[in-house]
Amino acid sequence: MAESEHAQRHALPAAMISRKKISVWSILKNCIGKDLSKITMPVVLNEPLSFLQRLCEYMEYAEILTQAAHQDNPADRMKCVAAFAVSALASNWDRLGKPFNPLLGETYELQKEDYRIICEQVSHHPPVSAFHAESTDFKFHGSINPKIKFSGKNVEVHPNGIVTVEFPKWNETYTWSNVNCCVHNIIVGKLWIEQHGTMEITNHSTGHTAKLIFKSSTSADKDLHRVEGFVKDENGQNLFFLYGKWTKFLKCCPYENYDEYRKHEMKIKDDKETTASPNATPKRMFSKLNSFKLNSFRSLSIQDHENYPPADIDGDFPRSDSSFSLDIPDSTLLWSCNPRPENSSEYYNFTNFAMQLNAMDNMKPPDTLCPTDARLRPDILCLENGDLDGASKEKTRLEEKQRDSRKLKKSEDGGDFTPRWFKKVYSPFTKSEVWLYSGSYWNRDYETTNSLF
Ligand SMILES: CC(C)CCC[C@@H](C)[C@H]1CC[C@H]2[C@@H]3CC=C4C[C@@H](O)CC[C@]4(C)[C@H]3CC[C@]12C
């Protein structure tokens, strides 16, 4: 489709403006316990993307879904779906800018060689963004209502909502919810981002599941960014062990290999500790207890030694995440993360994929681009061009315009906003209301769509 005809962007028009002089704490200290979507933050804390564009970043490794659709058995398909679900979060690593809140009715589209996606802001209070991606092999859709709470030291993000993958060829539907995200060190120290919690993917047609745990690293450095879990069949029998880091890779091995490896590792650890036990300190005993929990274990791979000892702790910032790795025999690599562009740190830590999201190529409203598309938001464009004052003026203007037009609509027909491209329906799979694409966006009939900007 469109992408290949256009040159890739290797940089944004202007480098980001340093936040060094700004204390995030001074802005947020009055906001403890509040919903951050209701707080006006200075645009210097933003990144030049709308949250709708940010959602499209779930698609960076869409080829894994195509791969999944081409697997002949449901366990292999589940492995790939799990890898896709983890890969979808990789771009969040080190991304500490706040995306712009989408305006009600704002849209964003993206057409790549092998799929296309359309997003719409379908509700303002609470903020809900719906998306629908499709290709010849899969559909991927859902809606996200991010709840962003500031709890003192951290910002906790709950990306409420369910996402769905469908493979028409297999008549299969998979659903899951994304894990929570935590931004650490709001008061002092270096900001850093963590995804933590449990993700349970269900194949509603066959009963296969994948349960993945995104570990919290606040207690153990070696768990930084680590993800582990199992693919199970319809009877709950473990089939595969999945392991890796959401920032780097996901690997997979048969359950039996994991089990054997685990027993072997346990024995080594045990022997070591028994030798040490005559004068065991309470700390050692604790670690022995811990080793029985087998939450995670170190392997003695080459990389380990190269990167050992790990970098020093920088305030409350966990150590380098390359110092511990897992490498179980006969594992296959399901996904590995693309490297960030070299200049990424000057550009909001964007991935190469994110760098393309504001590109206009030859799109022109209303014939070849919907007038509500986020690429046309002047505040985002100002920020992208390094014009902070312009960005903040435009942002205020747009928010006021949105308030006024909502009031006007209420007084004219008492009505609420109806999304143009999505509708709310009941889902038998999740037994809840979901936003489904109502079609026709790609007909490009935008004559009756007014600009929001
Ligand atoms: C300036 C400061 C401290 C606030 C910055 C908050 C930023 C980092 C927050 C605000 C909104 C958050 C996003 C909200 C929802 C999702 C969807 C989820 O599936 C992946 C994480 C992701 C994409 C979050 C990443 C972190 C995020 C971008």
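Quick note: structure is the one above.
Since the model is a prediction, treat every value here as computed from it, not as a measurement.

**A short note on the overall build of the protein chain**
Alright, step 1. The helix and strand inventory of the protein chain stands at 10 helices and 18 strands.
Alright, step 2. Relative to its 453 residues, the protein chain shows a buried fraction of 51%.
Alright, step 3. A sequence separation of at least 24 residues applies to 62% of the contacts in the protein chain between residues at least 6 apart.
Alright, step 4. Accessible surface, the protein chain: about 21600 Å² in total, of which carbon and sulfur atoms supply 52%.

**Examining the pattern of salt bridges**
Alright, step 1. Within this structure, the stated rule accounts for 18 salt bridges.
Alright, step 2. Arg116 is the salt-bridge partner of Glu134, the closest N and O atoms lying 3.0 Å from each other. Within this pair, whereas Glu134 is found in strand β5 (residues 128-134), its partner Arg116 is found in strand β4 (residues 116-123), the two being separated by 18 residues in sequence.
Alright, step 3. Among the residues examined, Glu134 registers a relative accessible area of 17% and is labelled buried.
Alright, step 4. Glu394 serves as the salt-bridge partner of Arg397, at 2.6 Å between the closest nitrogen and oxygen. With Arg397 and Glu394 both in helix α10 (residues 388-413) and three residues apart, the pair spans about one turn of that helix.
Alright, step 5. A single salt-bridge network, built from bridges that share partners, covers Glu47, Arg54, Glu57 and Arg95.

**Quick look at unusual backbone geometry**
Glycine aside, a negative phi is what most residues show, and trans is what most peptide bonds show.
Alright, step 1. In this structure, the amide linkage connecting His125 to the following residue, Pro126, adopts the cis form with an omega of 0°.
Alright, step 2. Within the secondary structure layout, Pro126 lies in the loop between β4 and β5.
Alright, step 3. Along the chain, Pro365 connects to Pro366 via a cis peptide bond; the corresponding omega equals -5°.
Alright, step 4. Of note, Pro366 is situated in the loop between α8 (352-355) and α9 (378-384).
Alright, step 5. Here the phi dihedral of His225 falls at roughly 65°; this positive angle occurs in a residue that is not glycine.
Alright, step 6. Take His225: its relative accessible area is 4%, and that puts it in the buried class.
Alright, step 7. Notably, Asp330 is not glycine yet its phi reads approximately 60°, a positive angle.
Alright, step 8. Assignment of secondary structure puts Asp330 in the loop between α7 (302-306) and β16 (332-336).

**Description of the nonpolar core**
Alright, step 1. Counting residues in hydrophobic clusters, the biggest one holds 87 residues, and the most contacted among them are Met59, Phe140, Trp176 and Ile201.
Alright, step 2. Top contributing element to this core by residue count: helix α4 (residues 74-87), with nine residues.
Alright, step 3. Once you skip the residues sitting within four places of it in the chain, Ile201 turns out to touch Met78, Val81, Ala82, Ala85, Tyr174, Thr175, Trp176, His208, Thr209 and Ala210.
Alright, step 4. Core analysis: the next-biggest nonpolar cluster, separate from the first, contains 12 residues, Ile118, Phe422, Trp435 and Tyr441 among them.

**A word on the site of the ligand**
Alright, step 1. Neighbouring residues of the ligand: 19 residues in total, closest Arg54, Tyr58, Asn92, Pro99 and Asn178.
Alright, step 2. Side-chain polar atom of Tyr58 to an oxygen atom of the ligand: 2.6 Å apart, as the coordinates give it.
Alright, step 3. Contact with the protein chains hides 98% of the accessible area of the ligand, taken as 610 Å² for the molecule alone.
Alright, step 4. Contributing elements (two or more residues each) for the shell around the ligand: α2 (51-56), β6 (139-150) and β7 (155-160).
Alright, step 5. Residue classes in the shell around the ligand are distributed as 13 nonpolar, three polar and three charged.

**Describing the pairing of β6**
Alright, step 1. With respect to burial, β6 is a largely interior element, nine of its 12 residues being buried.
Alright, step 2. When β5 meets β6, the two strands line up antiparallel, connected through six bridges. Looking across to β6, one finds that Phe131 is bridged to Gly142.
Alright, step 3. Bridge count for β6 against strand β8 (residues 162-167) is four bridges, and the pairing is antiparallel.

**A word on the packing of aromatic side chains**
Alright, step 1. Scanning all chains against the criterion turns up 20 aromatic pairs.
Alright, step 2. Ring geometry for Tyr61 versus Trp335: centroids 5.5 Å apart, planes at 80°, classification edge-to-face. Placement of Tyr61 in the loop between α2 and α3 (63-69) and of Trp335 in strand β16 is noted, with a sequence separation of 274 residues between them. Comparing Tyr61 with Trp335, the two get one shared label, buried.
Alright, step 3. Among the aromatic side chains, those forming a connected cluster through ring pairs are Tyr58, Phe84, Phe131, Phe140 and Trp176.
Alright, step 4. Against the face of Trp170 rests Arg77, its NZ or CZ located 3.9 Å from the ring centre.

**A closer look at the environment of Val128**
Alright, step 1. Inspection of the secondary structure assignment puts Val128 in strand β5.
Alright, step 2. For the pair Val128 and Asn145, spaced 17 residues apart in the sequence, the C-alpha separation amounts to 4.5 Å.
Alright, step 3. Once residues within four sequence positions are removed from consideration, Val128 is found in contact with Glu120, Gln121, Val122, Ser123, Ser143, Ile144, Asn145 and Trp435.

**What about the side chain of Gln356?**
Alright, step 1. Relative to the assigned elements, Gln356 resides in the loop between α8 and α9.
Alright, step 2. If we ignore the near neighbours within four places in the chain, the residues touching Gln356 are Gln8 and Arg9.

**Some details on the environment of Ile187**
Alright, step 1. Counting through the fold element by element, Ile187 comes out in the loop between β10 (180-184) and β11 (192-203).
Alright, step 2. Overall, Ile187 belongs to the partly exposed group, its relative accessible area being 37%.
Alright, step 3. Sequence-distant contacts of Ile187, defined by excluding residues within four places in its chain, comprise Trp25, Gly152 and Lys153.

**What about the pairing of strand β3 (residues 107-111)?**
Alright, step 1. For β3, the buried fraction is high: four of the five residues fall into the buried class.
Alright, step 2. Hairpin geometry of β3 and β4 is characterised by an intervening segment of four residues between the two adjacent antiparallel strands.

About the thresholds
- Residues numbered from 1 in each chain as written.
- Predicted model: local features only at pLDDT ≥ 70, side-chain atom pairs only at ≥ 80, totals over all residues.
- Heavy atoms only, no water.
- Helix = DSSP H or I, 4+ residues; strand = E, 2+ residues; numbered from the N terminus.
- Buried < 20%, exposed > 50% of the residue type's maximum accessible area, 1.4 Å probe, protein only.
- Contact = heavy atoms within 4.5 Å.
- Areas by Shrake-Rupley, 256 points an atom, 1.4 Å probe, with all protein chains shown as cover.
- Salt bridge = Lys/Arg side-chain N within 4 Å of Asp/Glu carboxyl O.
- Core = buried A, V, L, I, M, F, W, Y, C linked by side-chain atoms within 4.5 Å.
- Near = heavy atom within 4 Å.
- Polar contact = N/O pair within 3.5 Å; in protein donor to acceptor, adjacent residues only side chain to side chain.
- Nonpolar A, V, L, I, M, F, W, Y, C, P; charged D, E, K, R; others polar.
- Pairing = 2+ DSSP bridges.
- Phe/Tyr/Trp six-rings, centres within 6.5 Å; stacked < 30°, edge-to-face > 60°.
- Lys NZ or Arg CZ within 6 Å of the ring centre and 35° of its normal.

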